[in-house]
Amino acid sequence: ERKEEYRRPPVAMGIVLDRSGSMSAPVDSGMQKMDLANRAAAEAVNLLAPQDEVAAFAVHSEAHEVIGLTGIEGNRGEVESRILSVESRGGGIYVHNGLKAAMGGLMDSEANTRHIVLFADAADSEQKRGVRKMVGQWRKAGGTISVIGLGTAKDKDATFLKKVARKGGGKVFLTNDARALPRIF
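Residues numbered from 1 in each chain as written. Predicted model: local features only at pLDDT ≥ 70, side-chain atom pairs only at ≥ 80, totals over all residues. Heavy atoms only, no water.

> What am I meant to see in the packing of helix 5 (residues 131-140) against helix 6 (residues 158-167) here?
Interaxial distance between helix 5 and helix 6 falls to 9 Å at its minimum, and their mutual angle equals 20 degrees. On the basis of their axis angle, the class for helix 5 and helix 6 is roughly parallel. Regarding helix 5 and helix 6, the two cross each other, and that crossing is right-handed. On helix 6, the residues touching Val131, Arg132, Val135, Gly136 and Arg139 of helix 5 are Phe160, Val164 and Lys167. Its residues assigned to classes, the contact of helix 5 with helix 6 shows 4 nonpolar, 1 polar and 3 charged. (Axes fitted to C-alpha atoms, helices over the stretch in contact; angles between N-to-C directions. Helix = DSSP H or I, 4+ residues; strand = E, 2+ residues; numbered from the N terminus. Parallel < 35°, antiparallel > 145°, perpendicular 65-115°, else oblique. Left-handed = near helix turned anticlockwise from the far one by under 90°. Contact = heavy atoms within 4.5 Å. Nonpolar A, V, L, I, M, F, W, Y, C, P; charged D, E, K, R; others polar.)

Rendered as structure tokens:
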């Protein structure tokens, strides 16, 4: 009974994964950057409680729904399996399309906490126009955004990604080591 008393309210998390061409680059042991990003996102889902919800989108020029808003209870394995199956495609990551899809996907949730995790290449994040306004509207609706950027603070789009996280009321993490993604997520 006490556990139920102190149980936190449900969380709805939206995951936006960069599936651009750069994500097909190999890293150690024959894995691609995409494999590590997928594993990281699946591990983040594994940290969610049964009462939580998740939606995931893979983005290059368009946002593709990996899994629509789904409750974790009884669906954890299916959610993780779908996320692990995301493959890299061509083009860059269109941030506006990815965030718009995630925001739309989470709007149906009744959870008080709606948080988006945007994973993007800090050297190849495209479609910045309108993102600032959209993120402001998301904040007014009670949502937050954190950003995980693959790259360094010196990369050409790192400043943009930092601004998205700051305006989104979340955190930003930059790493040049794709192997660190599971720990960061």
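> What is the right way to look at helix 4 (residues 95-106) in this model?
For the α-helix, the turn length of 3.6 residues means that residues three or four positions removed from each other point alike. Spanning 12 residues, helix 4 covers 17 Å between terminal C-alpha atoms, matching the ideal 16 Å at 1.5 Å per step. For helix 4, the tally of buried residues reaches 9 of 12 residues, placing the bulk of the element in the interior. Among the residues making up helix 4, those that are buried are Val95, His96, Asn97, Gly98, Leu99, Ala102, Met103, Gly105 and Leu106. (Expected span 1.5 Å × (residues − 1). Buried < 20%, exposed > 50% of the residue type's maximum accessible area, 1.4 Å probe, protein only.)

> Please explain the packing of aromatic side chains as it appears in this structure.
The geometry of an aromatic ring pair comes down to the distance between the two centres and the angle between the two planes. Counted by the stated rule, this structure contains 1 aromatic pair. Taken together, a centroid distance of 6.0 Å and an interplanar angle of 55 degrees make the contact between Phe119 and Phe185 tilted. With Phe119 in strand 5 (residues 113-121) and Phe185 in the segment after helix 7 (181-184), the pair connects residues that are 66 residues apart, well separated along the chain. Among the residues examined, Phe119 registers a relative accessible area of 0% and is labelled buried. Exposure remark for Phe185: the relative accessible area of 18% places this residue in the buried category. (Phe/Tyr/Trp six-rings, centres within 6.5 Å; stacked < 30°, edge-to-face > 60°.)

> Any chance you could explain a positive patch on the surface here in plain terms?
Among the surface-exposed residues, Arg132, Lys140, Lys162, Lys163, Arg166 and Lys167 lie close enough to one another that they form a single positively charged patch. Elements with a contribution of two residues or more to the positive patch: helix 5 and helix 6. Among the elements that make up the positive patch, the one with the highest residue count is helix 6 (4 residues). Positionally, Arg166 belongs in helix 6. When its relative accessible area of 60% is taken as the criterion, Arg166 is described as exposed. (Patch = residues over 30% accessible without salt bridge, like charges linked within 9 Å, V, L, I, M, F, W, Y side chains within 5 Å. Areas by Shrake-Rupley, 256 points an atom, 1.4 Å probe, with all protein chains shown as cover. Salt bridge = Lys/Arg side-chain N within 4 Å of Asp/Glu carboxyl O. Lys, Arg positive; Asp, Glu negative; His and termini not counted. Charge placed at Lys NZ, Arg CZ, Asp CG, Glu CD.)

> What should I look at first to understand the packing of helix 4 against helix 5 in this one?
A pair of packed helices can be characterised by two numbers: the angle between their axes and the separation between those axes. Where helix 4 contacts helix 5, the two axes come as close as 10 Å, and the packing angle between them is 15 degrees. With respect to their mutual orientation, helix 4 and helix 5 come out roughly parallel. Where helix 4 crosses over helix 5, the two elements pack in a sense that is left-handed. Along its contact with helix 4, which presents Val95, His96, Leu99, Lys100, Met103 and Leu106, the element helix 5 presents Val131, Met134, Val135 and Trp138. Looking at the contact of helix 4 with helix 5, its residues break down into 8 nonpolar, 1 polar and 1 charged.

> What exactly am I supposed to notice about unusual backbone geometry here?
Glycine aside, negative phi is the norm for most residues, and most peptide bonds take the trans geometry. A positive phi angle, near 60 degrees, is found at Gln127, a position not held by glycine. Looking at the element boundaries, Gln127 is found in the loop between strand 6 (125-126) and helix 5.

> Sorry, what's going on with the nonpolar core here?
In summary, soluble globular proteins display a tendency toward joint burial of nonpolar side chains. With 32 residues, the main nonpolar core has Ile15, Leu17, Val54, Ile83, Phe119, Leu181 and Phe185 as its most contacted residues. When contributions to this core are tallied by element, the ones reaching two or more residues are strand 1 (11-18), helix 2 (33-46), strand 2 (53-59), strand 3 (63-71), helix 3 (76-84), strand 5, strand 7 (143-150) and helix 7. When residues of this core are assigned to their parent elements, the largest contribution, 8 residues, is made by helix 2. Those residues in contact with Ile15, other than ones at most four positions away along the chain, are Ala41, Val45, Val54, Ala55, Ala56, Phe57, Ile83, Val117 and Phe185. Core analysis: the next-biggest nonpolar cluster, separate from the first, contains 27 residues, Val59, Ala102, Met134 and Val135 among them. (Core = buried A, V, L, I, M, F, W, Y, C linked by side-chain atoms within 4.5 Å.)

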